[in-house]
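# Remarks on the overall topology
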Amino acid sequence: MHRVFSGIQPSGELHIGNWLGAVQNWVALQDQYQCVYCVVDLHAITFPYQPAALAARTREMVVGLLAAGIDPERSILFVQSHVPEHAELQWLFTTVAPLGELERMTQFKDKAQRLESVSAGLLCYPVLQAADILLYRAEAVPVGEDQLQHLEFTREIARRWNSLFALDAPYFPEPRALLTKARRIMGLDGQSKMSKSLGNTIGLNDPPEVIWEKLRPAKTDPKRVRRTDPGTPEDCNLYDLHRYFSPPDAVTNVALQCRSAGWGCLDCKRVLADNMVKTLTPIRERAAGLRAEPARVDEVIAHGARRASAIARETIAQVTARMGFLPRQEV
Ligand code: TYM
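First, a word on scope: everything that follows refers to the structure included in this document. All values reported here derive from a predicted model rather than from experimental measurement.

### A closer look at the packing of helix H11 (residues 237-245) against helix H13 (residues 265-291)
At a closest axis distance of 10 Å, the pairing of H11 and H13 adopts a crossing angle of 35 degrees. As H11 runs across H13, the sense of the crossing is left-handed. For the pair formed by H11 and H13, the contact residues are Leu238, Leu241, His242 and Phe245 on the first element and Cys268, Lys269, Val271, Leu272, Asn275, Met276, Thr279 and Leu280 on the second. Across the contact of H11 with H13, the residue classes tally to eight nonpolar, three polar and one charged.

So this is what it looks like as structure tokens:
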């Protein structure tokens, strides 16, 4: 069975952007692949963060993934820092990683310009991401569009390492991205990608009244100014969301009502809010159930770390042997 790997930052909770863009696909892929899913806490510390909140956010992300449908028996679900081989492979890869390319990564440039002092860890973020994927020799990586550059970099690391240390046959595969239709979900501001740090999200845990509070002021077709102006659904960020949350006949009706100015934007938002609540309520309820059973969540996390470690140790043994290190004795 081919292997899939993907990761998510412990930002606290899933939102409809990372859920539609990646996590829904993670759930679907469980039937066809051996899936390895990781909450990447080592990545999260490359940008200023609150140490007191990291553990709770990491746990909450595990809860969110379970509630969204990740099955910890079929898939390996674990926390990155619990498998130290991620950091080890990352170090080995820094020695083949081209510095110029790291400096040119768009996510690095975006984050660096918001900081007074830029750490080497932030620069090496994509090297750690390459180590995550290649530690499991994954062939496919379900992600949103914003991760494509990091994935191209991962392929480059695989090629470079193979050409130096695996002369007979490539050891690492060159993993490909698995994108969905929802490769880039825009935030409620209609300006930027939906992202927790921009405060433009709808969270999977948001109760119905919060979903409505957030949707009511959300940006729609910018050219539709008055209630009587006909709108253009394709120019409306919320029409895009209808396509993911509303049944097909409702989506057709929304487009019709918008173009004919039969509905105002608020009418359209009410229908969207209802359908979102219908879709998200079961996930929110499952998450609440899991929070009430912390021992079960702990066991899932420990089980995932054991299974991930078994694969990771084997890769590190192969990699260090090929790189010429003195074999480690049992200690
Ligand atoms: P992160 O935590 O920012 O996002 C997790 C996944 O969700 C996707 N995503 C989106 N897709 C569509 N629209 C959006 N608005 C949106 N927001 C987020 C992301 O593309 C991603 O797939 N660097 C990664 C984490 C990572 C990783 C890895 C991913 C670390 N190691 C190895 C894959 C493989 C990140 O910060 O994702």
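### Let's talk about helix H1 (residues 16-29)
Spanning 14 residues, H1 covers 18 Å between terminal C-alpha atoms, matching the ideal 20 Å at 1.5 Å per step. Ala22 marks where H1 bends most, by close to 40 degrees. Among the residues of H1, Ile16, Gly17, Asn18, Trp19, Leu20, Gly21, Ala22, Val23, Asn25, Trp26 and Leu29 are the ones counted as buried.

### Quick notes on the pattern of salt bridges
This structure, assessed with the given rule, holds 19 salt bridges. Asp71 serves as the salt-bridge partner of Arg74, at 3.2 Å between the closest nitrogen and oxygen. Overall, Asp71 belongs to the partly exposed group, its relative accessible area being 25%. One salt bridge in this structure joins Asp229 and Arg226, with 3.2 Å as the shortest N-O distance. One network of salt bridges, in which partners are shared, links Glu152, Arg155, Arg159 and Glu174.

### Describing the environment of Lys223
Note that Lys223 resides in the loop between helix H10 (208-215) and H11. Judged by its relative accessible area of 59%, Lys223 falls in the exposed class. For the pair Lys223 and Asp235, spaced twelve residues apart in sequence, the C-alpha to C-alpha distance is 8.6 Å. What Lys223 contacts, discounting residues up to four positions off in sequence, is Asp229 and Asp235.

Rules behind the numbers
- Residues numbered from 1 in each chain as written.
- Predicted model: local features only at pLDDT ≥ 70, side-chain atom pairs only at ≥ 80, totals over all residues.
- Heavy atoms only, no water.
- Axes fitted to C-alpha atoms, helices over the stretch in contact; angles between N-to-C directions.
- Helix = DSSP H or I, 4+ residues; strand = E, 2+ residues; numbered from the N terminus.
- Left-handed = near helix turned anticlockwise from the far one by under 90°.
- Contact = heavy atoms within 4.5 Å.
- Nonpolar A, V, L, I, M, F, W, Y, C, P; charged D, E, K, R; others polar.
- Expected span 1.5 Å × (residues − 1).
- Bend = angle between axes of the 7 residues up to and from the residue.
- Buried < 20%, exposed > 50% of the residue type's maximum accessible area, 1.4 Å probe, protein only.
- Salt bridge = Lys/Arg side-chain N within 4 Å of Asp/Glu carboxyl O.

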